[in-house]
Amino acid sequence: MCMEKITSKNNTIVKDTKKLFTSSKARYENHLFALEGARLCFDVLNSVYEPDTLLFTEDIYARYQDEIDALSIKAKRTFLIDGQVSEKLSETKSPQGVFLTVKMKENGEMFACGKIVALDNVQDPANVGAIIRSAEALGIDGVVTYNCCDVFNSKAVRASMGSILRMNIVDSDNLEQTLIHMKSQGFKVYSTVPSSSAVKITEADFTGNAVSVIGNEANGVEENIKAVSDDLITIPMLGRAESLNAGVAAAITMWEMLR
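Rules used in this analysis
- Residues numbered from 1 in each chain as written.
- Predicted model: local features only at pLDDT ≥ 70, side-chain atom pairs only at ≥ 80, totals over all residues.
- Heavy atoms only, no water.
- Pairing = 2+ DSSP bridges.
- Helix = DSSP H or I, 4+ residues; strand = E, 2+ residues; numbered from the N terminus.
- Contact = heavy atoms within 4.5 Å.
- Axes fitted to C-alpha atoms, helices over the stretch in contact; angles between N-to-C directions.
- Parallel < 35°, antiparallel > 145°, perpendicular 65-115°, else oblique.
- Left-handed = near helix turned anticlockwise from the far one by under 90°.
- Nonpolar A, V, L, I, M, F, W, Y, C, P; charged D, E, K, R; others polar.
- Phe/Tyr/Trp six-rings, centres within 6.5 Å; stacked < 30°, edge-to-face > 60°.
- Buried < 20%, exposed > 50% of the residue type's maximum accessible area, 1.4 Å probe, protein only.
- Right-handed = clockwise from strand over helix to strand, strands pointing away.
- Arc of directions from axis to C-beta.

A. Inspection of the sheet that holds strand β10 (residues 199-200) at higher detail. An order of β8-β7-β6-β11-β9-β12-β10 is seen for the 7 strands of this open sheet, with the pairing classed as parallel. This sheet does not close on itself; its edge strands, each paired only once, are β8 (169-172) and β10. Bridge analysis of strand β7 (residues 142-146) against β8 gives 4 bridges, and the strand direction is parallel. When the bridges of β8 are listed, T145 appears paired with D171. In this fold helix α9 (residues 175-184) packs onto β6 (115-120), β7, β8, β9 (188-192) and β11 (210-214), with an angle of close to 160 degrees to the strand it touches most, β11. The strands that helix α11 (residues 246-257) touches are β6, β9, β11 and β12 (231-234); relative to β11, the one it contacts most, it runs at about 165 degrees.

Below, the structure is given as structure tokens:
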């Protein structure tokens, strides 16, 4: 394979790619995000996302020649890198040796129907990624994010196991108004709360179009969001824990929405 090879960790392309892993500002200024590892990078081949720059080692090429050749055809730029550059770029302890920058999509249109989960100020990227992964696995139609951590944060992307590339995700700049609009389109809005006075989730009516709001890890759903909700719902707990992890609460909620 004949192509440009990068051997310096101080190469501008290496530095720019590393920034996409570590800086949300860099991601949104360049409208690019970065992926690492065979599974995530190759998932782009079966997604609507467009690859921009591909970097890989000889070792990974020997193992995945067909997949890397397919990505090379689609990517704007392709570079062979050595082990030191791979270690510089990697966000993991054991780099596989393949990295890909990907163009962001334009924010999608708000959902007109279906079963939707909305994330209100969810800050932990592991939670955000896990929720999106569960949403795809369970068959949720889309995810609304509001004031959350960046969904293209490398931890969120890894936690999603590639679901971020396939799920319909819409970012809202005003969740209250977004929910009011969705209600006008026939959605029922539910906010999850850790309160025994709320409707038990097993007794909630999720027939028809529905959106369930998952709140911030520490403070829960905002009061103005609760105020525009049709019902407050809760997951009954028999143990001594006062609340559930946001990712776990979201998974249970989505399961009940689709039962």
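B. Representation of the packing of helix α7 (residues 125-138) against α11 within the structure. The N-to-C vectors of α7 and α11 enclose an angle of 15 degrees; their axes lie 9 Å apart at closest approach. By the angle between their axes, α7 is roughly parallel relative to α11. Crossing of α7 against α11: the hand is right-handed. Taken together, the residues of α11 that come into contact with α7 (itself represented by N127, I131, S134, A135 and L138) are A246, G247, A250, A251, M254 and W255. Taken together, the residues that form the contact of α7 with α11 break down as 8 nonpolar, 3 polar and no charged.

C. Just the packing of aromatic side chains, in detail. Across all of its chains, the model carries 6 aromatic pairs by this definition. Seen in terms of ring centroids, F33 and Y49 are 5.5 Å apart; in terms of plane orientation they differ by 90 degrees. Their pairing is edge-to-face. Of this pair, F33 sits in strand β2 (residues 32-36) while Y49 sits in the loop between α3 (38-43) and β3 (51-56), placing them 16 residues apart in sequence. Each member of the pair F33 and Y49 is classed as buried. Members of the aromatic cluster, joined through ring pairs, are F33, Y49 and F152.

D. Summary view of the pairing of β7. Burial within β7 is extensive, with 5 of its 5 residues counted as buried. The side-chain alternation of β7 yields two buried faces, one formed by G142, V144 and Y146 and the other by V143 and T145. Here β6 runs beside β7; their pairing, made up of 5 bridges, is parallel. Considered in β7, the bridge of L119 is made with T145. Following the chain from β6 across α7 to the adjacent parallel β7, one finds a crossover that is right-handed.

E. The arrangement of helix α5 (residues 65-74) in detail. Residues I68, L71 and S72 constitute the buried set of α5. The buried side chains of α5 occupy one side of the element, clustering within an arc of 105 degrees when seen end-on. Turned more than 90 degrees off the buried face of α5, the exposed positions are D66 and I73. Where α5 is buried, its residues touch α3, β3, α4 (58-63), β4 (77-81) and β5 (98-103).

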